[in-house]
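These are the residues of each chain, in order.
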Amino acid sequence: MHPIYTFDKSMELIRRAMNVIPAGIYGHLGPAEGCHIPIDAYPKYCDRAKGSYFWDVDGNRFIDYMCAYGPNILGYNDPDVDEAAARQREKGDCTTAPSPVMIDFADLMVDTVKSADWAFFAKNGNDVTSLAVMTARAHTRRKKIVFFKGYYHGVSPWTQKIDYAGIMPEDVMHNIYVDWNDADALREVFENNRGQIAAVIGQPYMHGNFADNILPAQAFWQTVRKLCDENGTILIVDDVRAGFRLDLAGSDHYFGFEADLICFCKAIANGYNVSALCGKDFLKTTVSGLSYTGSYWMSAVPFAAGIACIEKMKRIDSPRILIEKGEKLKTGLIETATKHGLDIHVSGVPSLFYLRLADDPSLMLHQRWISECVRRGVYFTNHHNHFINAALSDEDIRETIEIADEAFTAIGK
């Protein structure tokens, strides 16, 4: 049996943080977001990390299936990536004129991503999804953007919905929403908005929160590509979460089509702060004409880290490794749940999977099971994708399944 963790120092820190930081911790990790229920079953602050683990401020070790919400793809503190970053840091990082390592990184992105003729670097996924939409609107001189329901493309006002706090009707008035995998609905949208749609933006498969993930139907993306071509519309793929976990050539390549613009962030530099918009040559002049930059967008250390990360992923064939590890975990979790008479859904591509205990539509049983796993040292979260990293070992997977088994027993009691 695994010991049950306590989080006294974390809870003490979150109470302190509430005095000086909105919500104590904002975003998905914060107590206000709904992904940590019950709140006292989760660590709030990390002390250190290495490989597939992190240790919280109470000294508890976790097998980490959130991977910093995606950036950790090779393992925390990967020595090859950290060494490349350290060498560049000695030379310079954020300087008045950019380092030529920026060109080296762009060359590598173009060489790696099938649909890329150029690369533009920023810091967050939201930076590059916003740039993609601006580029599409500038190129087409149109306003409307098509989204697939259940999407997440960032936190800028254009990505949100009319009933969200702080969002005005003007922010989303040109947004059109269609169901995922419904090619007929998309075709009807084009017919009803002829000459008005600047872009269709979508994740490579539907990996939203609070719902099972859904892969594209056969020929769905090929139909989307054809409709965009016929209507002079830009096709944007948001590969911020899935990028390089399915295919180093891009998730559009994995599903057999090519995007006009493709957005990367989380996994391209193993935690160093950089994102990238890659695109087709016909859009390069448009991007060049936009007023869009940031104070740290040309810092050199993340570029050097990104080069080392991508080169290592190529050497080890990381997408294959991640999918194989995810498949092994998936099989073990399903078999263990079945032993307890429970139905666990593990959806999406195994390297970027979603968990749902389907025996209770209220999700309360699922939340209880997740919290029992976390208390024993497996860091899952309630209603978000999970991420596999290359440092995850067979022993980690075996221990994860053991703890899942104990957690099923706990909720059965």
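Note that this is a predicted model, so its numbers are computed, not measured.

Definitions and limits used
- Residues numbered from 1 in each chain as written.
- Predicted model: local features only at pLDDT ≥ 70, side-chain atom pairs only at ≥ 80, totals over all residues.
- Heavy atoms only, no water.
- Helix = DSSP H or I, 4+ residues; strand = E, 2+ residues; numbered from the N terminus.
- Rg over C-alpha atoms; globule rule 2.2 N^0.38 Å.
- Buried < 20%, exposed > 50% of the residue type's maximum accessible area, 1.4 Å probe, protein only.
- Contact = heavy atoms within 4.5 Å.
- Pairing = 2+ DSSP bridges.
- Polar contact = N/O pair within 3.5 Å; in protein donor to acceptor, adjacent residues only side chain to side chain.
- Core = buried A, V, L, I, M, F, W, Y, C linked by side-chain atoms within 4.5 Å.
- Salt bridge = Lys/Arg side-chain N within 4 Å of Asp/Glu carboxyl O.
- Axes fitted to C-alpha atoms, helices over the stretch in contact; angles between N-to-C directions.
- Parallel < 35°, antiparallel > 145°, perpendicular 65-115°, else oblique.
- Nonpolar A, V, L, I, M, F, W, Y, C, P; charged D, E, K, R; others polar.

Caption draft 1: Molecular detail of the overall build of the chain. Within the chain, the secondary structure is distributed over 13 helices and 14 strands. Scaling as 2.2 N^0.38, a compact globule of 413 residues should have a C-alpha radius of gyration of about 22 Å, and the chain matches this with 22 Å. In terms of its C-alpha atoms, the chain occupies a principal-axis envelope of roughly 60 × 55 × 45 Å. Residues classed as buried in the chain amount to 57% of the 413 residues present. Sequence separation of 24 or more characterises 75% of the internal contacts of the chain that already satisfy a separation of 6 or more.

Caption draft 2: Examining the pairing of strand β10 (residues 275-279) more closely. Among the five residues that make up β10, five are buried, leaving the element largely enclosed by the rest of the structure. Covered by surrounding structure in β10 are Ser275, Leu277 and Gly279 together with Ala276 and Cys278, the residues of both alternating faces. Sheet topology note: the strand β4 (residues 118-122)/β10 ladder contains five bridges and is antiparallel. Note that in β10 the partner of alanine 119 across the bridge is cysteine 278. Inspection of the sheet shows strand β9 (residues 261-264) paired to β10 by four bridges, in the antiparallel sense. Residue pairing for β10: isoleucine 262 is matched across the bridge by cysteine 278.

Caption draft 3: How the structure looks around the side chain of aspartate 78. Residue placement: aspartate 78 occurs in the loop between β3 (61-64) and α2 (79-91). Of note is the side chain of aspartate 78, whose polar atom sits 3.1 Å from the backbone nitrogen of valine 81.

Caption draft 4: Molecular detail of the nonpolar core. Residues Tyr65, Met109, Phe244, Trp369 and Phe380 are the most contacted members of the largest nonpolar core, which totals 103 residues. Counting residues per element, this core draws most heavily on helix α10 (residues 300-316), which supplies ten residues. With near-sequence residues (within four places) excluded, tryptophan 369 lies in contact with Ile344, Leu355, Leu357, Phe380, Ala404, Ala407, Phe408 and Ile411. The next biggest cluster of nonpolar side chains, apart from the first, holds 24 residues, and it includes Ala122, Phe147, Cys265 and Trp297.

Caption draft 5: Quick look at the sheet that holds β3. A sheet is described by the order of its strands in space; here four strands give the open sequence β1-β2-β3-β13, paired in mixed fashion. Each edge of the open sheet carries a strand with a single partner, namely β1 (46-50) and β13 (378-379). Note: strand β2 (residues 53-56) against β3, three bridges, orientation antiparallel. Counted as the bridge partner of phenylalanine 54 is phenylalanine 62 from β3.

Caption draft 6: Main features of the pattern of salt bridges. Going through the model one piece at a time under the given rule, you end up with 23 salt bridges. The closest approach of N and O atoms between aspartate 184 and arginine 187, which form a salt bridge, is 2.9 Å. Here the residue aspartate 184 and the residue arginine 187 both occupy positions in helix α6 (residues 183-192), the gap between them amounting to three residues, near one helical turn. Overall, the relative accessible area of 56% leaves aspartate 184 in the exposed class. With relative accessibility at 32%, the residue arginine 187 sits in the partly exposed group. Through salt bridges that share partners, Asp78, Asp80, Lys312 and Arg315 make up one connected network.

Caption draft 7: Structural context of the sheet that holds strand β8 (residues 234-238). Strands sit in the order β4-β10-β9-β8-β7-β5-β6 across an open sheet of seven strands; the sheet is mixed. Both edges of this open sheet fall to β4 and β6 (175-178), since each of them pairs with a single strand only. Each strand axis lies, on average, 20° off the axis of its neighbour in the sheet, ignoring direction. Lying on the sheet, helix α3 (residues 101-112) is in contact with β4, β9 and β10; it crosses β4 at an angle near 125°.

Caption draft 8: Here's a closer look at the packing of α6 against helix α7 (residues 220-231). Relative orientation of the contacting elements α6 and α7 amounts to 10°, with a least axis distance of 10 Å. By the angle between their directions, the pair α6 and α7 is classed as roughly parallel. Contacts between α6 and α7 involve Ala183, Leu186, Arg187 and Phe190 on the former and, on the latter, Phe220, Thr223, Val224, Leu227, Cys228 and Asn231. For the contact of α6 with α7, the per-class residue count stands at seven nonpolar, two polar and one charged.

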